[in-house]
There are 2 protein chains.
Amino acid sequence: MPITLKQLSLLAGAHPSTVARVLHADPRQRVSAELRERILQLAREHDYRPNSVARSLRTKRTAVFGVLIPDIANPFFASVLRGMEDAAAERNYSIILTNTDDQPAREAHGLAMLRDRQVDGLLLATARLHDSAIEQLAREQTPFVMVNRHTEPITPNAVVPDDYAGAVAAIEHLLELGHRRIAHIAGADDASTGYLRRQAYLDTLRSHNADTFDDQAALLVRGSFREAGGYTAMRTLLELPDPPTAVFAVNDLAALGAIHAIIEAGLRVPEDISVVGFNDLFHASHMAPNLTTVQVPHRAMGVRAVERLLDMVVDGVMPESPLLMPVTLIVRQSTAPAPQRQPGASTHRRATPAS
Amino acid sequence: MPITLKQLSLLAGAHPSTVARVLHADPRQRVSAELRERILQLAREHDYRPNSVARSLRTKRTAVFGVLIPDIANPFFASVLRGMEDAAAERNYSIILTNTDDQPAREAHGLAMLRDRQVDGLLLATARLHDSAIEQLAREQTPFVMVNRHTEPITPNAVVPDDYAGAVAAIEHLLELGHRRIAHIAGADDASTGYLRRQAYLDTLRSHNADTFDDQAALLVRGSFREAGGYTAMRTLLELPDPPTAVFAVNDLAALGAIHAIIEAGLRVPEDISVVGFNDLFHASHMAPNLTTVQVPHRAMGVRAVERLLDMVVDGVMPESPLLMPVTLIVRQSTAPAPQRQPGASTHRRATPAS
DNA sequence: CTGAAAGCGCTTACAG
DNA sequence: CTGAAAGCGCTTACAG
């Protein structure tokens, strides 16, 4: 059992309030040097540590932030969380984690639990473009920051990748390689990431080929943010009479699934089909082949989100505008010049064994 | 501002203690049906939710577990944490996360912070074989469970992979493939994982070749649990006059680094050198080549650890013996029969281009 | 069946 | 310079 303030004050022969003042190094304190020394000495001897729960009840501050994340086992979110925890620890804040699996019921449950625990603010990596739970938080003036995804229209308390610019860079890279049949494996379009990357895809292709481009005919397939979605979407694309020579996947996991489908169909990446991902997951550089992708500064995004939340909660400073984290196209081995299509050549040709 | 119990009791025209009893569905409660209904109704209307901080101060229970993890950005620990959070949420417990980067100072700081927050128990993924911080916790009777690593000798509050059996399976697999020069890239030997996997390596080779085996001459190199360590260790091995034909790495990250070094040297995996990892990381199956590895049930390990801690803290049930999670050798593409060594053939030969 | 009170361990405005 | 008191929002043993 750790020692309490009261016990300490008994030992020191001083009133608890005096002890508290000394321990807080209250600037207005004017305690005699001798008494202060005695108190400090005893606190050290008995390793006195204030009970945060009691302090929180009194001060109405917990120094805890609640985090809602779809799935911490997804390495992207793990990096973001690492950044959050580092930035929080720096200011003696702690992080309580809740996984939601993108299920509104789990989100609601997590939010309620976090509020019951009186967290000082929330970090949400779960925003949908129209998100009633988040609108509710805004109405209640609960301090929160959105990370990675934002609601529509974007608000100053958002810290997100520059999805649009990243997707434009990816598509332009493919165009420069000579690709003309460029597909997009889209994510959920109720998430800003999925929506913006898809929009950038459509806009870039349209502006590049204003005369003939037709949104309806675009090689746009709904996938998901996960591997299985990328796999299924790619199979759909491969069955087209005239399949794409390049694919921009909404993220690295979907790209991974797409590559599986391509290889399974006996085609090669990048010789037959180029693939670009998004995020630059921990292992994007270890995949077969190494993935060309749009790098998002995951960890820094977590850091910045917490810094903004601390500004709001501790310093009362509201952000003026959303923070778009800069992204970078990293060209690796999964993209190559468009193959020369021989008219009439089978698009389902087997990869010729190299030997 | 959420409503408090006191405000609610005013509205109900009943005493706070009565309201509390109704809300807790106290079995011994014998409140008139009418009053109970009125209170319940008002609580619903005003969305009354008890303040956990106040409750915790009173009950001396926070329903929070503290977690010490080396690095949540490591996908292995991310999976473990996911399991922990799932199992905790099931019982309305929350998780506060602290990253330590395996630095004792950060561990001490994290532990102090978690204790100040009055967590009900600790989940430690940071144990060293001789760990004074953990010995201290044991002395103080703080409830805690060790995950993935344990102190020496192993105690009942440990939930760890069956490291020894997994490593034996890996080595036997290589022996069956005809390998005789089998190296080990070891991890830190002050961690049970590193220590046991190394011991299993030595024991298995020794028993397989009792006459000629010499511990001192074993192809044992100190690496680390991270990629860079595997890379450096492999380079050392490749410079030997008679390099190994197979390598058992202490974990998948080290295996990844080793594969880099092998490929960089112009050799092939598995044709020239077989590689086995440990853990089966999320991306072990996506690496080039797909990694043969010992699968550890990461998520389940987190779940079981929390269940044990809940048993201890909530139900007062102490575990009788440590829990060794079963592991499985997964044979993929990074292992193959030992190459036929031609006497005098250069071991640093370039891979012959396949075409 | 319900009320009144104590108290968890702090912090802080109020006195003197 | 330091003490005495109130109170954060609960829970629970004690009365009646």
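Just so it is clear, the model here is predicted, and its values are computed rather than measured.

Draft legend 1. Representation of the overall build of chain A within the structure. In terms of regular secondary structure, chain A is built from 12 helices and 12 strands. Taken over C-alpha atoms, the radius of gyration comes to 27 Å for chain A, far larger than the 20 Å a tight globule of 355 residues would show. Projected onto the principal axes, the alpha-carbon positions of chain A cover approximately 95 × 45 × 30 Å. Burial status across chain A gives 53% buried among its 355 residues. Sequence-distant contacts in chain A: of pairs separated by 6 or more residues, those separated by 24 or more amount to 70%. Of the accessible surface of chain A, which amounts to about 16,100 Å², a share of 52% is contributed by carbon and sulfur atoms. Across chain A, 36 positive and 40 negative side-chain charges occur, with their mean positions spaced 7 Å apart.

Draft legend 2. Just the interface of chain B and chain A, in detail. Counting residues at the interface gives 49 residues for chain B and 49 residues for chain A. Here chain B meets chain A over a buried area of about 4,100 Å², counting both sides, of which 54% is carbon and sulfur. The interface formed by chain B and chain A includes eight salt bridges. Asp86 of chain B is paired through a salt bridge with Arg106 of chain A; the nearest N and O atoms lie 3.9 Å apart. Between the two partners, chain B and chain A, sit 18 residue pairs in polar contact (both at pLDDT 80 or more). When residues of the side of chain B that touches chain A are traced back to their parent elements, those giving at least two are helix 4 (52–59), helix 5 (75–90), strand 2 (94–99), helix 6 (104–116) and helix 11 (252–264) of chain B. When residues of the side of chain B that touches chain A are assigned to their parent elements, the largest contribution, seven residues, is made by helix 5 of chain B. Residue composition of the side of chain B that touches chain A, by class: 24 nonpolar, 15 polar and 10 charged.

Draft legend 3. Highlighting the relation of the copies chain B and chain A. Here chain B sits on chain A after a turn of 180 degrees about the axis and a move of 0.0 Å along it, with an RMSD of 0.0 Å. Both copies of the chain, as the preceding transformation shows, are related through a two-fold rotation axis. The residues that chain B uses at the interface reappear at the interface of chain A in 100% of cases, marking a shared surface.

Draft legend 4. Looking closely at the protein's contact with DNA strand C. For DNA strand C, the set of nearby residues contains 25 residues, the closest of which are Leu5, Arg55 and Arg58 of chain A together with Arg21 and Lys60 of chain B. Each atom of DNA strand C within 4 Å of the protein was assigned to sugar, phosphate or base; sugar and phosphate come to 60%. Between DNA strand C and Leu5 of chain A, the relevant distance is 2.8 Å, taken from a phosphate oxygen to a main-chain nitrogen or oxygen of the residue. Going through the elements one at a time, helix 2 (16–23) and helix 4 (52–59) of chain A together with helix 2 (16–23) and helix 4 of chain B are the ones with two or more residues in the surface near DNA strand C. The dominant element in the surface near DNA strand C, judged by the number of residues it contributes, is helix 4 of chain A, at four residues. Grouping the amino acids of the surface near DNA strand C by side-chain chemistry returns eight nonpolar, nine polar and eight charged.

Draft legend 5. Representation of the sheet that holds strand 8 (residues 246–249) of chain B within the structure. All names here are of chain B. Strand order in the open sheet formed by six strands is 7-6-8-9-10-12, and the pairing between neighbours is mixed. Unpaired on one side and paired on the other, strand 7 (220–222) and strand 12 (328–330) mark the two borders of the sheet. Averaged over all adjacent pairs, the angle separating strand axes in this sheet is 20 degrees, with direction ignored. Pairing of strand 6 (residues 182–186) with strand 7 involves three bridges; the strand directions are parallel. Each residue of the ladder has a partner; that of Ile185, found in strand 7, is Val221.

Draft legend 6. Looking closely at the pattern of salt bridges. Counting across every chain of the model gives 40 salt bridges over all chains. Residue Arg235 of chain A is joined to Glu264 of chain A by a salt bridge in which the shortest nitrogen-to-oxygen separation is 3.4 Å. Of this pair, Arg235 of chain A sits in helix 10 (residues 227–238) while Glu264 of chain A sits in helix 11 (residues 252–264), and the two are 29 residues apart along the sequence. Note on Arg235 of chain A: relative accessible area 39%, which makes it partly exposed. Arg82 of chain B is the salt-bridge partner of Asp86 of chain B, the closest N and O atoms lying 3.0 Å from each other. One end of the pair is Asp86 of chain B and the other is Arg82 of chain B, both in helix 5 and four residues apart, which spans about a single turn. In terms of burial, Asp86 of chain B and Arg82 of chain B fall into one category: buried. Residues joined by salt bridges that share partners form a network here, namely Asp71, Asp101 and Arg106 of chain A together with Arg82, Asp86 and Arg299 of chain B.

Criteria and cut-off values
Residues numbered from 1 in each chain as written. Chains lettered and ligands numbered in written order. Predicted model: local features only at pLDDT ≥ 70, side-chain atom pairs only at ≥ 80, totals over all residues. Heavy atoms only, no water. Helix = DSSP H or I, 4+ residues; strand = E, 2+ residues; numbered from the N terminus. Rg over C-alpha atoms; globule rule 2.2 N^0.38 Å. Buried < 20%, exposed > 50% of the residue type's maximum accessible area, 1.4 Å probe, protein only. Contact = heavy atoms within 4.5 Å. Areas by Shrake-Rupley, 256 points an atom, 1.4 Å probe, with all protein chains shown as cover. Lys, Arg positive; Asp, Glu negative; His and termini not counted. Charge placed at Lys NZ, Arg CZ, Asp CG, Glu CD. Buried area = accessible area lost by both parts, 1.4 Å probe. Salt bridge = Lys/Arg side-chain N within 4 Å of Asp/Glu carboxyl O. Polar contact = N/O pair within 3.5 Å; in protein donor to acceptor, adjacent residues only side chain to side chain. Nonpolar A, V, L, I, M, F, W, Y, C, P; charged D, E, K, R; others polar. Least-squares fit on C-alpha atoms with pLDDT ≥ 70 in both. Near = heavy atom within 4 Å. Pairing = 2+ DSSP bridges. Axes fitted to C-alpha atoms, helices over the stretch in contact; angles between N-to-C directions.

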